[in-house]
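# Commentary on secondary and tertiary structure
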Amino acid sequence: MIPVLLILIPLLTGLVAFFVKNEKSVKGWALASSVITLAVSLIGLTVLKDPEYFAQRYEWMGSLNSSFSVKLDGLSQILCLLNAVAFPLIFIATWKTVYAKANNFFALMLLMQAGMMGVFVAADALLFYFFWELALIPAYFLCSQWGGPRRIQVTFKFFIYTFVGSLLMLVGLLYIYFHTPGRSFDITAFYNAALTSKEQDWLFWLLFIAFAIKMPIFPFHTWQPDTYEQSPTAVTMALSGVMVKMGVFGLLRWLLPVLPLASWRWGDTTSTLAVVGMIYASLIAIQQDDIKRLVAYSSIAHIGLMCVTIFSLNNIGMQGVMIQLFNHGINIIGLWIGAEWIERQMGTRKLSELGGLAQKAPALAIFFVVIALANIALPLTNAFVGEFLMFTGIFSSIATHYSLWFTVLAGVCIILAAVYTLNLIRKIFYGNVSAAVSAAGDIRLSEKLALGVIVILIVWIGIYSQPFLRITEDISADITNGIINRPEIARYLTR
Amino acid sequence: MFIDYYIILSVALFCIGIVGVLTRRNAIIIFMCVELMLNAVNLLLVAFSKMHHLTPPKKELAAVAGTDGQIFVFFIMVVAAAEVSVGLAIIVMMYRNIHSVDVNFLNRLKH
Amino acid sequence: MQNSLQIAWLIPLFPLIGFLINGLGRKQLSKSMIGVIGSGVILASFVMSIWVFLQVKDGNTHVATYFDFINAGKLKISFAFQIDQLSSLFLLIITGVGFLIHVYSVAYMHEEKTEHFGRYFSYLNLFVFSMLLLVLGANYVIMFIGWEGVGLCSYLLIGFWFKKDEYNKAANKAFIMNRIGDLGFLIAIFWIISKAGSVNFPDVFAAATGKFNGKEFTTTDITCITLLLFVGATGKSAQIPLYTWLPDAMAGPTPVSALIHAATMVTAGIYMVARSNILYSMSHLVMNVVWVIGLATAILAATIALKQNDIKKVLAYSTVSQLGFMFLALGTGAYVAAVFHVMTHAFFKALLFLGSGSVIHAMGGEQDIRKMGGLNKRMKITSMTFLLGCLAIAGIPGFSGFFSKDAILAGAFGRSPVIYAIALGAALLTAFYMFRLYATVFRGTFRGTHDQEHHLHESPSAMTVPLIILAILSVVGGWIGIPEFMASGANKLNEFLAPVFASSNQFLESRGRLHEIDHNTEWMLTGLSSLLIILVVVFAWNKFSRKPELAETKGLGRVLENKWYVDELYDTIIVKPLNWLGGVLNSVVEKDVIDGLVNGVGRAVNYGSRQLRLLQSGQVANYVLLMVLSMLVVFVLQFFLRK
């Protein structure tokens, strides 16, 4: 029941929102809808324990052996929670932003949320693919209609990238479908597909590239900074906070368990790509003058770390990835809220034109600094827990001989992260008041509310992460053990 | 009677048709050449169905043995008639529009 | 029954509460309220610390576990405090010196606006909180939390006057340099986790010495872990090669320099090595690395301090140099001496910094010693206490620095007379530059502007009282560690700390690496070093009282003044190439190579379709010809391929 509700609420309210012409009321409508979704998600997380609430199956396309089958396990729970938390935050933080044709904007936002919910709960490959595309289409329209001056060109790039990824994925999924026992799209059938190791190899790359584009992993990332820069910030928040998690989710749910041998074999290659990408993105982030582009590249580096950890196939690291999915979503939304407010007030996102904002907007400065410190994984912030577990996982990995190197190189990115994040803070908030900043006021209640929630979450998870770690305990053990305990791999390990 | 004669005749007709289509510019002549090619095929179908049909598996089917190819021909003739009516209508329209039936004038799709 | 020390969580809690109250209420509260709260919470912690210390002195040590900090898979890291001799001693230093500096700050910072005053005290409270976490942590992760926390506070306080971009850059530099070290620390933690499965101190040490849950460190493990931990220590404790941030950190308010960049935070590295002493003792190689680095830093920083003209910079380099001494002690196995020196150094260096703060305060923000001089007439208390501090740091017999430095030198002699000689050289340099500083600032005639001279005054009592208390401590603080050869059984500190280093000493002794020096030799060494130091002091006093060094320096002096050009070197070999690489990646690789490839695919498709379009000539005959030809090709292909 819960997963169906999670999809239906934003879907239906989104469709209704098309017809609410008044701007104020459509904003309220969208916010109310997202809060209800959050409530449902929280109820599912805390109150209900009976498994019948968490899985549902309806007939859909019987002739293809595909059903509308959804379920919530730990991984889905935490991502649905992120999705449900993110949208109210986005709506509150951008309450003051004015959109042309607000009804269409908010309707599409809600549809996007519905699509992403569907991705996270789908237990059927065809359904997964369906929602994957469903989430993409509103994103396309949101960027192309409400974006910045270069939006058409950039959205085209975004669309082509993700579409290529989707097609590769479709081919891969269909091929696996034809090799499942009894030709079914059901996820358990996919997990039992009879694939030779050669087939796994090329299927792995089809799916990996699809997910890597979404995450994004070097060198499939160039759509991202452009899109983040040109999209309206509310959309950027949804894209970077939630949608890129679809890629990571895809790896965890549809790649590792379906193609375990290939994941084991290609782990070093993908990890190398991710590590190279991390350093690459960090170095570029240092060079950026645009707040949005800087945050975009920092996001590439952070997601890269998740990718390395996933392929290190270590239970501790896997838990780190899962909690970090949530943390990164929250933190980056916080950074975007700051960026959005700065752009709205100052009319510029250029670091070189900003400065001294701490004197004008001390409240924003405090919130932003806390979030930025979480971005560099300072202890007692949420990201420390995640990154600590992830690094532990990488270092203790038995899946690779190069764990020390991966740890050191990824660790260098922690230093580089400190460089660009502190520079960001210094150039925006410290120093003398620049011309662009001189007329600025401080943030208002709506931003304070959103940022306050984020900071509370950051500190809470940073100090006491147990409730969050417990959500993903079982699923991460399942995923890693599912691979490590494969007879072929177990034999290799004992040797 | 050998089938070779029929084959040679229909190949000759077909080639005449092709050459006509390739070399002439007058739409009506091209049209006639297309018809010629169709009829070459028709001839071949009739010839093969009369002389090279299978021996029927049951006796009561002997009366209809070797007629399937000829039935095809009837279909082709019916379709060709319909096609002629449409095709001639197109040519008439073409003449009304450009006062010519030269197909080389009709290259606007290029742009 | 629960151990009464379980309540130790109160110690860091007080400063945390102070941080929250001052941070959130910085606009509502009055300055005096902020001052009272800020200092009061530290006093409360100090009182608690004394109680804890007395408990520990009675032999009650305890590991207090509170909750699971991280519990994932097989990894379980609890939020736990370890209260033993080492941590209780550090608690006293941190809260005691911290309290004095808080009181001093109330007067020193009174000209700030209320909200910045509140911000200052909240940062300072947060710092004490983090530092207490660092020393109380019962495992490497909790220690690391405090470790990064103090780095953060240091960053915030260095950039406290955030309007000056220069200060902000110094703050960034401090944080990033520390981060480099922290990476080493982190990797060491990962190493420990992957090999021992636990980060609790007792478990890790058990894994090193014997068996812990069937897990054991190999020699390589121990070497790498200790080396990586030491990398962390070089960052935090400003050793070669990561020391350059500390002198720049003097951009912060002077009490901050006293508390963070002299007395407490920078000794975190020494605390960490002392805490992990058994690991270090087991790796002879890393011990050697530690003392080599320590000695080199001590000498290098001392030479730079010779020619600095900023009063705080001299003290900063002197701090780096003294920290080098502490590492020298650690590296030679004289752990108690290192901790001893941490303590005495906290007293006299805090005193010196606060004294310099008092001077700067009186001079209206002037820090250049060439513009001072003759201050002893106008600032009696500051001058007297500063002199006591100088005597202590120089190691004049009877003062605290004498005993701790002597213990370090004795340890060095035990290892090798050569080390002793070099270390003694560094000690002589220390005496020289300290008295150059003292004589230039307080002796002679005043060289500042007329306005400044008019303004000169002794600081208020909130500043002088801490100075006096610290001066007393600087004199008597060493008496708890009077060496064995002077008075039998007088080395109370050694006795107190013995349990912490027991297994280490046992191990070193079993390997024959613990060298006892006989009492006669020790008398001789002490006599020699004292004599030389006194000579140097007298020489420097005379030289600079009469004729201070005001002219432009030349030759080697210039190199020293420019800090051996190390900053420039780092800039050239690390910062600039990285920036260049980033620029190339940003403008060439990203735009041309990757995007070029992606756009290239699009362009290729575009070009191809343009070429293919030529086939669409619009001539019916062409189409038919093409059709016929293609059919022929198909026939021919089929004809040949069938064979």
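Residues numbered from 1 in each chain as written. Chains lettered and ligands numbered in written order. Predicted model: local features only at pLDDT ≥ 70, side-chain atom pairs only at ≥ 80, totals over all residues. Heavy atoms only, no water.

### Considering the overall build of chain C
A count of helical and extended segments in chain C gives 25 helices and two strands. For chain C, the spread of C-alpha atoms along the three principal axes comes to 115 × 70 × 55 Å. For chain C, the residues scored as buried account for 60% of the 643 residues in total. A total accessible area of about 24,500 Å² is found for chain C, and carbon and sulfur atoms account for 66% of it. (Helix = DSSP H or I, 4+ residues; strand = E, 2+ residues; numbered from the N terminus. Buried < 20%, exposed > 50% of the residue type's maximum accessible area, 1.4 Å probe, protein only. Areas by Shrake-Rupley, 256 points an atom, 1.4 Å probe, with all protein chains shown as cover.)

### Considering the overall build of chain B
Scanning chain B from N- to C-terminus turns up three helices and zero strands. The N-to-C order of helical and strand elements in chain B reads α-α-α. Radius of gyration (C-alpha) of chain B: 19 Å, far over the 13 Å computed for a compact globule of 111 residues. C-alpha atoms of chain B, sized along the principal axes, occupy 60 × 25 × 20 Å. The burial tally for chain B puts 24% of its 111 residues in the buried class. Taking as baseline every contact in chain B between residues at least 6 positions apart, the subset at least 24 positions apart corresponds to 61%. As presented, chain B carries roughly 8,000 Å² of accessible surface, and 73% of it is formed by carbon and sulfur atoms. Computed over 8 positive and 6 negative side-chain charges, the inter-centroid distance for chain B is 9 Å. (Rg over C-alpha atoms; globule rule 2.2 N^0.38 Å. Contact = heavy atoms within 4.5 Å. Lys, Arg positive; Asp, Glu negative; His and termini not counted. Charge placed at Lys NZ, Arg CZ, Asp CG, Glu CD.)

### Section: the interface of chain A and chain C
Every contact between the two is made by 58 residues of chain A and, on the other side, 48 residues of chain C. Where chain A touches chain C, the interface holds two salt bridges. Here D165(C) and R426(A) are joined by a salt bridge, their closest N and O atoms 3.0 Å apart. Remark: the boundary between chain A and chain C carries 13 residue pairs in polar contact (both at pLDDT 80 or more). It is helix α17 (residues 403-429) of chain A that contributes the most residues to the side of chain A that touches chain C, 13 residues altogether. Here the residues of the side of chain A that touches chain C are counted per class, giving 38 nonpolar, 17 polar and three charged. (Salt bridge = Lys/Arg side-chain N within 4 Å of Asp/Glu carboxyl O. Polar contact = N/O pair within 3.5 Å; in protein donor to acceptor, adjacent residues only side chain to side chain. Nonpolar A, V, L, I, M, F, W, Y, C, P; charged D, E, K, R; others polar.)

### Comments concerning the pairing of strand β2 (residues 75-83) of chain C
Residue and element names in this part refer to chain C. Counting buried positions along β2 gives eight out of nine residues, so the element sits mostly inside the fold. Strand direction decides the pairing type here: strand β1 (residues 62-72) and β2, joined by nine bridges, are antiparallel. When the sheet's bridge partners are listed, F67 is paired in β2 with F79. (Pairing = 2+ DSSP bridges.)

### Section: the packing of aromatic side chains
The description of an aromatic ring pair rests on the distance of the ring centres and on the angle between the ring planes. All names here are of chain A. All told, the structure shown has 76 aromatic pairs over all chains when counted by the stated rule. Taken together, a centroid distance of 5.2 Å and an interplanar angle of 40 degrees make the contact between F158 and W223 tilted. In this pair, F158 is assigned in helix α6 (residues 151-178) and W223 in helix α9 (residues 223-230), connecting sequence segments 65 residues apart. Judged by its relative accessible area of 0%, F158 falls in the buried class. Of the residues examined, W223 reaches a relative accessible area of 3% and is grouped as buried. Their ring planes at 90 degrees and their centres at 5.9 Å tell us that F190 and W254 sit as a pair that is edge-to-face. Of the two residues, F190 sits in helix α7 (residues 187-191) while W254 sits in helix α10 (residues 233-255), which places them 64 residues apart along the sequence. (Phe/Tyr/Trp six-rings, centres within 6.5 Å; stacked < 30°, edge-to-face > 60°.)

### Brief notes about helix α11 (residues 268-275) of chain C
Spacing of three or four residues puts side chains on the same side of an α-helix, whose turn is 3.6 residues. A large share of α11(C) lies buried, amounting to eight of its eight residues. Buried residues of α11(C): A268(C), G269(C), I270(C), Y271(C), M272(C), V273(C), A274(C) and R275(C), and no others.

### A short note on the interface of chain C and chain B
Contacts between the two partners involve nine residues from chain C and, on the opposite side, eight residues from chain B. Both sides of the chain C and chain B interface together cover about 790 Å² of buried area, and 65% of this is carbon and sulfur. Scanning the region where chain C abuts chain B turns up zero salt bridges. Inspection of the chain C/chain B interface yields zero residue pairs in polar contact (both at pLDDT 80 or more). Counted by class, the side of chain C that touches chain B contains five nonpolar, four polar and no charged residues. (Buried area = accessible area lost by both parts, 1.4 Å probe.)

### Here we look at the nonpolar core
Core analysis: the largest hydrophobic core is formed by 434 residues, its most contacted members being M109(A), L252(A), L357(A), F388(A) and Y140(C). Examining the composition of this core, we find that 19 residues originate from one element, helix α15 (residues 335-362) of chain C, more than from any other. Mapped onto the domain boundaries, this core takes at least three residues apiece from domain 1 (1-138) and domain 2 (139-478 + 488-561) of chain C. Excluding residues within four positions of it along the chain, Y140(C) makes contact with F185(C), I189(C), I192(C), V199(C), F201(C), V204(C), F205(C), L229(C), S276(C) and L279(C). Membership of the second largest hydrophobic core comes to 13 residues, among which are V21(B), V101(B), V103(B) and V628(C). (Core = buried A, V, L, I, M, F, W, Y, C linked by side-chain atoms within 4.5 Å. Domains from an automatic or database assignment.)

### Things to note about unusual backbone geometry
Residue and element names in this part refer to chain A. For the bond from M215 to P216, the omega torsion is -10 degrees, close enough to zero to count as cis. Here P216 is to be found in the loop between α8 (197-214) and α9. Residue P219 follows F218 across a cis peptide bond; omega there is 0 degrees. Mapped onto the elements of the fold, P219 is located in the loop between α8 and α9.

### As for the domain arrangement of chain C
The figure often quoted for interface size is the accessible area lost as the parts come together. Residues and elements named next belong to chain C. Under the domain assignment used here, chain C contains domain 1 (1-138), domain 2 (139-478 + 488-561) and domain 3 (571-641). Using only C-alpha atoms to locate each centre, domain 1 and domain 2 end up separated by 23 Å. Taken together, the contact between domain 1 and domain 2 spans 49 residues of the former and 58 residues of the latter. Broken down residue by residue, the surface that domain 1 buries against domain 2 is led by Y104, Y108 and L134, which jointly contribute 16%. Our count for the contact surface shared by domain 1 and domain 2 stands at one salt bridge. For the pair domain 1 and domain 2, the number of links is nine residue pairs in polar contact (both at pLDDT 80 or more). Those elements that place two or more of their residues in the side of domain 1 that touches domain 2 are α2 (31-57), β2, α3 (85-108) and α4 (114-136). With 18 residues, the single largest contributor to the side of domain 1 that touches domain 2 is α3. Residues that form the side of domain 1 that touches domain 2 fall into these classes: 32 nonpolar, twelve polar and five charged.

### Examining the arrangement of the chains
Contact analysis covers two pairs of chains in contact, and the most contacts occur between chains A and C. A gap remains between chain A and chain B, with no contact made and the closest C-alpha atoms lying 26 Å from each other.

### Considerations on the pattern of salt bridges
All names here are of chain A. One pass over the structure, following the stated rule, counts 25 salt bridges over all chains. A salt bridge links R57 to D186, with the shortest nitrogen-to-oxygen separation between them at 3.3 Å. Taken together, the residues R57 in strand β1 (residues 55-61) and D186 in the loop between α6 and α7 connect sequence positions 129 residues apart. Residue D201 is joined to R265 by a salt bridge in which the shortest nitrogen-to-oxygen separation is 2.9 Å.

### Some words on the packing of helix α13 (residues 315-346) of chain A against helix α20 (residues 473-484) of chain A
All names here are of chain A. Closest axis-to-axis distance for the α13/α20 pair is 9 Å, and the angle between their directions is 130 degrees. What the angle tells us is that α13 and α20 run oblique. Note on packing geometry: the crossing formed by α13 with α20 is right-handed. Of α20, the residues touching α13 (which contributes N315, M318, Q319 and M322) are E473, I475, S476, A477, I479 and T480. Its residues placed into classes, the contact of α13 with α20 shows five nonpolar, four polar and one charged. (Axes fitted to C-alpha atoms, helices over the stretch in contact; angles between N-to-C directions. Parallel < 35°, antiparallel > 145°, perpendicular 65-115°, else oblique. Left-handed = near helix turned anticlockwise from the far one by under 90°.)

### What to know about the state of the cysteines
Using the criterion set out here, one finds zero disulfides over all chains in the structure. Here C33(B) stays unpaired: no disulfide links it, and the sulfur of C15(B), its closest cysteine neighbor, is 12 Å away. (Disulfide = S-S within 2.5 Å.)

### Overview of a nonpolar patch on the surface
A contiguous nonpolar patch, built from L625(C), M627(C), L629(C), M631(C), L632(C), F635(C), V636(C), F639(C) and F640(C) and spanning about 910 Å² of accessible area, is present on the exposed surface. Relative to the elements of secondary structure, V636(C) occurs in helix α25 (residues 620-641). (Patch = residues over 30% accessible without salt bridge, like charges linked within 9 Å, V, L, I, M, F, W, Y side chains within 5 Å.)

### With respect to the environment of L61(B)
Residues and elements named next belong to chain B. When you line up the elements, L61 lands in the loop between α2 (27-51) and α3 (68-98). Residue classification places L61 among the partly exposed residues on the basis of a relative accessible area of 38%. Sequence-wise, L61 and N104 are 43 residues apart; in three dimensions their C-alpha atoms are separated by 52 Å.

### Some thoughts on the confidence of the model for chain C
It should be kept in mind that the predicted coordinates are not to be read in detail where pLDDT is low. Residue and element names in this part refer to chain C. Across chain C, the average pLDDT comes to 88, with 100% of residues at or above 70. Helix α23 (residues 556-561) is the least confidently modelled element of chain C, averaging 81 in pLDDT, while α11 averages 93, the highest of any element. In the model output, the complex is listed with pTM 0.88 alongside ipTM 0.92. (pLDDT = per-residue confidence, 0-100.)

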